[in-house]
Amino acid sequence: MCEVKVITGTSAAAEAAKLADVDVIAAYPITPQTTCVEKLAEFVANGELDAEYIKVESEHSAMSACIGAAATGARTFTATASQGLALMHEMLFIASGMRLPIVMMVANRALSAPINIWNDQQDSIAERDSGWIQIYVEDNQETLDSIIQAYKIAENEDVLLPVMVCLDGFILTHTVEPVTIPKAERVRDFLGVYEPKHAYLDPDRPITQGPVGVPDCYMETRKQVEEAMERAKKVIKEVNEEFSERFKRKYGNGLVEAYNLDKADTVLVAMGSVCGTIKYVIDELKKEGKEVGLLRIRTFRPFPKEDIKEFLKDANNIAVLDKNISLGFNKGALGIEMASILKNKKVCNYIVGLGGRDITIDNIKSIINHVEKAEDDETVWVGLKE
Amino acid sequence: MQFPREELFAPGHRGCAGCGAAIVARLLLKAAGKDTIISNATGCLEVMTTPYPETAWRVPWIHTAFENAAATASGVEAAIKALKRKRGKYKDKKINVIAIGGDGGTADIGFQSLSGAMERGHDMLYIMYDNEAYMNTGIQRSSSTPFMAATTTSPAGSKIRGEDRPKKDVAMIMAAHGIPYVATACISYPEDFMRKVKKALSIEGPKFIQVLQPCTTGWGYPPEKTIEIGRLAVETGIFPLYEIENGEFRITYKPAKRKPVKEYLKMQKRYRHLTDEDIERIQKYIDEKCKLLGL
Amino acid sequence: MVTIAAIIYEPGSSIKNKTGTWRTFRPILDTNKCVKCENCYIFCPEGAIQEDENGNFKIDYDYCKGCLICMNECPVNAITKVREEK
Amino acid sequence: MIEIRFHGRGGQGAVTAAQILAKAAFYDGKFCQAFPFFGVERRGAPVMAFTRIDDKKITLRCQIYNPDYVVVQDSSLLESVNVVDGLKKDGAVIINTVKDDLNLGFKTYTIDATGIALDVLGVPIVNTAMVGAFAGVTKLVTIESVKKAILETFKGKLGEKNAKAAEVAYNEMLKKYG
């Protein structure tokens, strides 16, 4: 029997890392990630999790240590947010370039300045080109499930890429809600033991990892990561399927989740916890006889182009919500990418929830009203004060 | 036979003729043996030994970035512990985890990562191969560049006479971390260096060795003089050889009579702007330092 | 084909790179004068001086870059140099 | 869906109270959510925490603007905080006070939770008593579930004392308001 606990998103993440029986954790505290690494420290201190916990002196070293450990063949976990993720920036590219299946929880938080500890998704969006798979979750259950899935995806021979599981700071990290915690044996059975074949530091098989990538080979290594990203789409879908068979929970097709799309001419596209609020509004409007749909993007990387095109083929008013802004372009990252693949459709972009600005039911309704009346692609900053 | 014959550092690397860093690597591996994992910081040694698809290393080796050889090694060490305990890997083998970085990667950009790794008590040896400037990028000053040495970013001009700050004492800072073993060494004294490596590896916990390694290109001398110049650095007292074991300081090589620093300085282009007065100043500075150490 | 993450699986594969073509001077070792002090052996940055089957030190010119540390460090002048003529 | 807002001071356990209430609802077979007001308040400053309870899965993620209930852990907050802000017309306030004649413009239930806490716990920490009082007034959660949630939150003796405080407050509210 599984157990249901009323816990925070960070606790759910820590439970997931424990269930994955990680070997090495290297982490540095930062709001709103801290409660995750505190929980893990507790697990290790109590002997509930047999892992080496490296209390590093910075996020840069957290990722460096995870890379060292993963390159030695250990299953590794870390967690960070915001400035911490930005400090890791350099090492993120190295983790993916070295093809190491590290899994990281990112508690999404705004970037300074001004310093702001609250939620938006600018931190992880800024790392979109780093070669990491990015999963954006909607609730605490999905946090736990996605971290378990992340190991299965990352360690797949066809993928071998690190995964960040992004959950909205405070909105999920500090909110308690019921989370079903599967039995450890069943997770062990699902994941299997990580046995790296490409990367291992072992005196019996001396290899050189992280050499100088001369111009003769560098481009090929980049292409290989791109190809792995492409293969990851299939793997993410399969893992989502297999997970649902074993644990009876499913997240769309793994890449995207469609909600009330069938009859909807107006569709909102978004990532993360705001999708829950959108679902609530959609249900309310349905009672009034109005049909609005949601396409939740679960994996921003790899970007599910094909699925998005297919799911949105009949929609005419597309409202893309972004909790980030590409300064100098006046659009969010998702807005830019959606527009680039939906060339003949009206795609309006809504900048929402920056730095913890609450996204209310009225905000969602105003977006729906706006996109239905808009004549052309527009960008709107929602909820700005005078 | 004085020295072990096994060559774990292969020829064919791209180091300059007379490269001191290559000598560090070769001696280090001879002392450490094959059950060793190397975490190498970005720098000359990393670049010259691993242009894909060639590697000079016959032991497992990893490079990730410039400032984090110690943090990367922390992860390697932790992984070995976890995998030994949880999955019976590496059997009963004792594996030496050795991080190696140049003076820039150690004393400057990698300083925080090094301090963290030493403070956390990882069972690892950190080797700082000290050539007293950023050689890989073309001889820019580091905090380990000595007083008055000219580099491309501390040039000898009409107003400023080369590097205006004394050399940062990294070994003593490491000793202040309270780690069980700290030593200085020089490639011109291979028995001494190798003995220190072996001793360090026999001790559990964090260890640090700073090894001076003259650089023909950066210091400006003919390649055949690499060993001779290193010897003079020690004989003049400019680079004293010592070890600090569990807090106990011991000079490991005491010159019978210290040679004048002039003999050392005169051989190198980086000091050719020095006047007799400048040399006198350096001599005084070194005399004071040696007095403190009992040299 | 480039390996995954450009990992190099062959230890010491740098031996394919014959660095001996860089020399200006060629060190010549006179085994009759050699006292086997091992200075040249241990100081060679290339490891290009090794013992042959008779226990004599021998310079491997495939890798010797001609730095002449060996000549400089030989206590009995058993190593001399000649101009490389190619 | 029922939405509850807790008012307290930093360090008084308002967040824990909101979480205990959520857990209690969960043990009663309902869906729940609890979260703090995401601020930077330190000890002593006014803080808020929220609970949502529903019969179906809660997906709503915005903050609570129009609560059904307001729980005030410290009546001195009335001086600095408009505790009834946004409270639904037919909503109610449950407040820790020794006064009986508070006029807040809404249905108001009073309890001397500080007295109960001092009696039972020996310290003026009222959060668990207030959850018990809430259960007594609203019957939205059973006292059994509240006690279970408290025992899960605080281990050992501390848990038992806090469960007791909740029960005393619960019974007092039953007696007082039926």
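How each quantity is defined
- Residues numbered from 1 in each chain as written.
- Chains lettered and ligands numbered in written order.
- Predicted model: local features only at pLDDT ≥ 70, side-chain atom pairs only at ≥ 80, totals over all residues.
- Heavy atoms only, no water.
- Helix = DSSP H or I, 4+ residues; strand = E, 2+ residues; numbered from the N terminus.
- Rg over C-alpha atoms; globule rule 2.2 N^0.38 Å.
- Contact = heavy atoms within 4.5 Å.
- Buried area = accessible area lost by both parts, 1.4 Å probe.
- Salt bridge = Lys/Arg side-chain N within 4 Å of Asp/Glu carboxyl O.
- Polar contact = N/O pair within 3.5 Å; in protein donor to acceptor, adjacent residues only side chain to side chain.
- Nonpolar A, V, L, I, M, F, W, Y, C, P; charged D, E, K, R; others polar.
- Pairing = 2+ DSSP bridges.
- Axes fitted to C-alpha atoms, helices over the stretch in contact; angles between N-to-C directions.
- pLDDT = per-residue confidence, 0-100.
- Core = buried A, V, L, I, M, F, W, Y, C linked by side-chain atoms within 4.5 Å.
- Buried < 20%, exposed > 50% of the residue type's maximum accessible area, 1.4 Å probe, protein only.
- Domains from an automatic or database assignment.

Undergrad: Let's hear about the overall build of chain B: which residues, and what values?
TA: The secondary structure content of chain B amounts to eleven helices and eight strands. Here the C-alpha radius of gyration of chain B, 19 Å, is about what a compact globule of 295 residues would show, namely 19 Å. Dimensions of chain B along its principal axes, counting C-alpha atoms only, are 65 × 45 × 40 Å. Within chain B, contacts between residues separated by at least 24 positions form 69% of all contacts whose residues are at least 6 apart in sequence.

Undergrad: Summarise the interface of chain C and chain A; cite the residues concerned and give the values.
TA: At the interface, nine residues of chain C touch 16 residues of chain A. Surface buried jointly by chain C and chain A totals about 1000 Å² across both partners, of which 70% is contributed by carbon and sulfur atoms. It is Val-2, Ile-4 and Ala-5 of chain C in chain C that bury the most area against chain A; as a group they hold 45% of the surface buried on that side. Here chain C is connected to chain A by zero salt bridges. Inspection of the region where chain C meets chain A yields three residue pairs in polar contact (both at pLDDT 80 or more). Here the side of chain C that touches chain A is composed, by residue class, of eight nonpolar, one polar and no charged.

Undergrad: Hey, could you go over the sheet that holds strand β4 (residues 76-80) of chain A for me, with residue numbers and the actual values?
TA: Read from one edge to the other, the open sheet built from seven strands follows the order β3-β2-β4-β5-β7-β6-β13 (chain A), with strand pairing classed as mixed. Each having just a single partner strand, β3 (52-54) and β13 (299-301) of chain A make up the two edges of the open sheet. Within the sheet, the average angular offset between the axes of one strand and its neighbour, ignoring direction, is 20°. Across the sheet, helix α3 (residues 69-87) of chain B touches β2 (24-26) and β3 of chain A, and the angle it forms with β3 of chain A is around 165°.

Undergrad: Provide a residue-level description of the confidence of the model for chain D, including the pertinent values.
TA: Detailed reading of predicted coordinates is not advised where the pLDDT is low. Model confidence for chain D is summarised by a mean pLDDT of 95, while 100% of its residues fall at 70 or above. The ipTM value of the predicted complex is 0.96, and its pTM value is 0.97.

Undergrad: Lay out the interface of chain B and chain A in plain terms, naming residues and giving numbers.
TA: Taken residue by residue, the interface counts 44 residues in chain B and 44 residues in chain A. On the chain B side of the contact with chain A, Tyr-52, Lys-86 and Arg-87 of chain B bury the most area, a combined 18% of that side's loss. Taken together, chain B and chain A are joined by eight salt bridges. Of the charged contacts, one joins Lys-93 of chain B and Asp-204 of chain A as a salt bridge, the two residues approaching to 2.7 Å between their closest N and O atoms. Inspection of the region where chain B meets chain A yields 22 residue pairs in polar contact (both at pLDDT 80 or more). Every element with two or more residues in the side of chain B that touches chain A is listed here: β1 (36-40), α2 (44-49), β2 (61-62), α3 and α5 (111-120) of chain B. The element best represented in the side of chain B that touches chain A is α3 of chain B, accounting for 14 residues. Here the side of chain B that touches chain A is composed, by residue class, of 19 nonpolar, 13 polar and twelve charged.

Undergrad: Mind laying out the nonpolar core, listing which residues take part and the relevant values?
TA: Counting residues in hydrophobic clusters, the biggest one holds 88 residues, and the most contacted among them are Met-63, Val-269, Leu-312 and Met-338 of chain A together with Phe-208 of chain B. Here the element with the most residues in this core is α3 of chain B; it accounts for nine residues. Both domains that furnish three or more residues to this core are identified here as domain 1 (2-247) and domain 2 (258-381) of chain A. Core analysis: the next-biggest nonpolar cluster, separate from the first, contains 57 residues, Phe-3 and Leu-125 of chain B together with Ile-69 and Ile-79 of chain C among them.

Undergrad: Please give an account of the pattern of salt bridges that cites residues and values.
TA: Applying the stated criterion across every chain, the model contains 76 salt bridges over all chains. Put simply, Lys-57 of chain D and Asp-139 of chain A hold a salt bridge, and the shortest N to O gap is 2.7 Å. Taken together, the residues Lys-57 of chain D in the loop between β3 (46-54) and β4 (69-72) and Asp-139 of chain A in the loop between β6 (133-136) and α6 (140-154) connect one chain to another. Overall, Asp-139 of chain A belongs to the buried group, its relative accessible area being 8%. Each of Asp-192, Arg-195, Lys-196, Lys-199, Glu-243, Glu-245 and Arg-250 of chain B takes part in a single network of salt bridges with overlapping partners.

Undergrad: Could you give an account of the sheet that holds strand β6 (residues 107-111) of chain D, naming the residues involved and the relevant values?
TA: Residue and element names in this part refer to chain D. Pairing within the open sheet is mixed, and its six strands lie in the order β2-β3-β1-β4-β5-β6. With one partner strand each, in any of the chains shown, β2 (31-36) and β6 form the two edges of the open sheet. Averaged over all neighbouring strand pairs, the angle between strand axes comes to 15°, with direction disregarded. Of the pairings in the sheet, the one linking strand β1 (residues 2-9) to β3 comprises eight bridges and is antiparallel in character. Bridge pairing links Gly-8 to Val-47 in β3.

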